[in-house]
Amino acid sequence: MTTQIKISDQPLEIQSCIDWVMTPQSGGIDVFIGTVRNSTKGKKVLRLEFEAYEPMAIKEMEKIAALAFEKWPVQKLLIHHRTGTLEVGEVPVVIAVSCAHRDAAFEACRFVIDTLKQTVPIWKKEVFEDGETWVAAHP
Amino acid sequence: MKAIVLAFGIAKDILGGPDITLDFPGNTTADLKSVLENQFPRLKQLRSYMVAVNNEYAQDCTVLTEADEIAIIPPVSGG
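Rules and cut-offs
- Residues numbered from 1 in each chain as written.
- Chains lettered and ligands numbered in written order.
- Predicted model: local features only at pLDDT ≥ 70, side-chain atom pairs only at ≥ 80, totals over all residues.
- Heavy atoms only, no water.
- Phe/Tyr/Trp six-rings, centres within 6.5 Å; stacked < 30°, edge-to-face > 60°.
- Helix = DSSP H or I, 4+ residues; strand = E, 2+ residues; numbered from the N terminus.
- Buried < 20%, exposed > 50% of the residue type's maximum accessible area, 1.4 Å probe, protein only.
- Lys NZ or Arg CZ within 6 Å of the ring centre and 35° of its normal.
- 1 Å grid on protein atoms, 1.4 Å probe; cavity = no way out; pocket = protein on both sides within 12 Å on 5 of 7 lines; lining within 4 Å.
- Points joined across faces, edges and corners; volume = space filled by probe spheres on them.
- Nonpolar A, V, L, I, M, F, W, Y, C, P; charged D, E, K, R; others polar.
- Contact = heavy atoms within 4.5 Å.
- Polar contact = N/O pair within 3.5 Å; in protein donor to acceptor, adjacent residues only side chain to side chain.
- Core = buried A, V, L, I, M, F, W, Y, C linked by side-chain atoms within 4.5 Å.
- Pairing = 2+ DSSP bridges.
- Axes fitted to C-alpha atoms, helices over the stretch in contact; angles between N-to-C directions.

Draft legend 1. The arrangement of the packing of aromatic side chains in detail. On inspection of all chains with the given rule, the structure shows 3 aromatic pairs over all chains. With 4.4 Å between their ring centres and 25 degrees between their planes, Tyr53 of chain A and Phe8 of chain B make a pair best called stacked. Placement of Tyr53 of chain A in the loop between β4 (43-52) and α2 (54-71) and of Phe8 of chain B in the loop between β1 (2-7) and α1 (9-15) is noted, with the two residues assigned to different chains. One exposure class covers both Tyr53 of chain A and Phe8 of chain B, and it is buried. With 5.4 Å between their ring centres and 55 degrees between their planes, Trp72 of chain A and Phe111 of chain A make a pair best called tilted. Here Trp72 of chain A is found in the loop between α2 and β5 (74-82), whereas its partner Phe111 of chain A is found in helix α3 (residues 102-119), with 39 residues between them in sequence. Neither residue differs from the other here; Trp72 of chain A and Phe111 of chain A are each classed as buried. Taking NZ or CZ as reference, Lys76 of chain A lies 4.0 Å from the ring centre of Trp20 of chain A, over its face. If you follow Lys33 of chain B out to its NZ or CZ, it ends over the ring of Tyr49 of chain B, 5.2 Å from the centre.

Draft legend 2. Structural context of the layout of surface pockets. Residue and element names in this part refer to chain A. When its volume is computed, the largest pocket comes out at roughly 390 Å³. Residue lining of the largest pocket: 23 residues in total, with Arg37, Thr40, Lys124, Glu126 and Val135 positioned closest to the centre. Elements represented by at least two residues in the lining of the largest pocket include exactly β2 (28-34), β3 (39-40), β4, β8 (122-128) and β9 (131-134). For the lining of the largest pocket, the element with the highest residue contribution is β4, accounting for 4 residues. Each residue belonging to the lining of the largest pocket can be placed in one class, and the counts come to 11 nonpolar, 6 polar and 6 charged.

Draft legend 3. How the structure looks around the environment of Gln75 of chain A. Residues and elements named next belong to chain A. With respect to the helices and strands, Gln75 occurs in strand β5. For Gln75, a relative accessible area of 18% corresponds to the buried category. For the pair Gln75 and Val21, spaced 54 residues apart in the sequence, the C-alpha separation amounts to 7.7 Å. Apart from the residues lying within four places of it in its own chain, the contact partners of Gln75 are Thr2, Thr23, Gln25, Ser26, Phe69, Ser98, Cys99 and Ala100. Among the polar contacts made by the side chain of Gln75, one reaches the main-chain carbonyl oxygen of Gln25 at a distance of 3.1 Å.

Draft legend 4. Structural view of the nonpolar core. Residues and elements named next belong to chain B. In terms of nonpolar packing, the biggest core is built from 34 residues, with Leu15, Leu32 and Leu36 touching the most fellow members. Mapped by element, the contributors of at least two residues to this core are β1, α1, β2 (19-23), α2 (29-39), β3 (50-53) and β5 (70-73). If sequence neighbours within four positions are ignored, Leu36 has contacts with Leu15, Ile20, Leu22, Leu43 and Ile72.

Draft legend 5. Structural detail: the sheet that holds β3 of chain B. All names here are of chain B. Pairing is mixed in the open sheet, where 5 strands are placed in the order β2-β1-β5-β3-β4. Edge positions in the open sheet fall to β2 and β4 (56-57), since each of these has one partner strand only. As paired strands, β1 and β2 are joined by 5 bridges and run antiparallel to one another. Counted as the bridge partner of Lys2 is Asp23 from β2.

Draft legend 6. Layout of the sheet that holds strand β7 (residues 93-99) of chain A. Residues and elements named next belong to chain A. In spatial order, the strands read β1-β5-β7-β2; together these 4 strands make up an open sheet with mixed pairing. Whereas interior strands pair on both sides, the edge strands pair on one side only; in this sheet they are β1 (3-8) and β2. On average, each strand axis in the sheet is tilted by 5 degrees relative to the strand beside it, whichever way the strands run. By the bridge criterion, 6 bridges tie β1 to β5 in an arrangement that is parallel. If you follow Ser8 over to β5, its bridge partner there is Arg82. Where helix α1 (residues 14-21) meets the sheet, its contacts fall on β1, β2, β5 and β7, and the angle it forms with β5 comes to roughly 160 degrees. Each of β1 and β5 is contacted by α2, which is oriented at about 155 degrees to β1, the strand it contacts most.

That's the geometry; what it means functionally is another story.
Right, dumping it as structure tokens:
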């Protein structure tokens, strides 16, 4: 197995994500860790609530992984995404990519997170002191 | 045709729940969207939305059957 994809309502374990992609052939591991920020456009964010259409989200993440393996000489690739309520500083997403050389690892990792944000059916709601908003829903 | 439509994110708020049953004329994604937009005009205020059929993004011309799993996919915002 060279790809590990998971959607979970439990805290993501960053170190074990990194350990999982490590191989003796790897010359570099690129890791993207998404974190919950405390403000949006100057407004205080209390927490985020993530919801996923799980079977489809897994399928879309598998497609992204397959594309990354086609485009770059990736050794192992991991995508973990949280659901549920996350407080400021918590981690909604971890992407980890191992390659023999760093250029491919950087590029593949960026491709995976950028594409995930465009195609994977997961939604986040920002909860403010005076209300809440589904992110990106409206123009 | 008769269809159960799943809703997520803001679409769940707009439809008033995680799924609805619809009986509508026609059998394509476009037919379904026009009925949905008629019944739930707030869908038209979204930046965009897609329909997924059996966990794949569908085109307007995709033909639906009663056995399909159909879902409304409002703009995604994971990560």
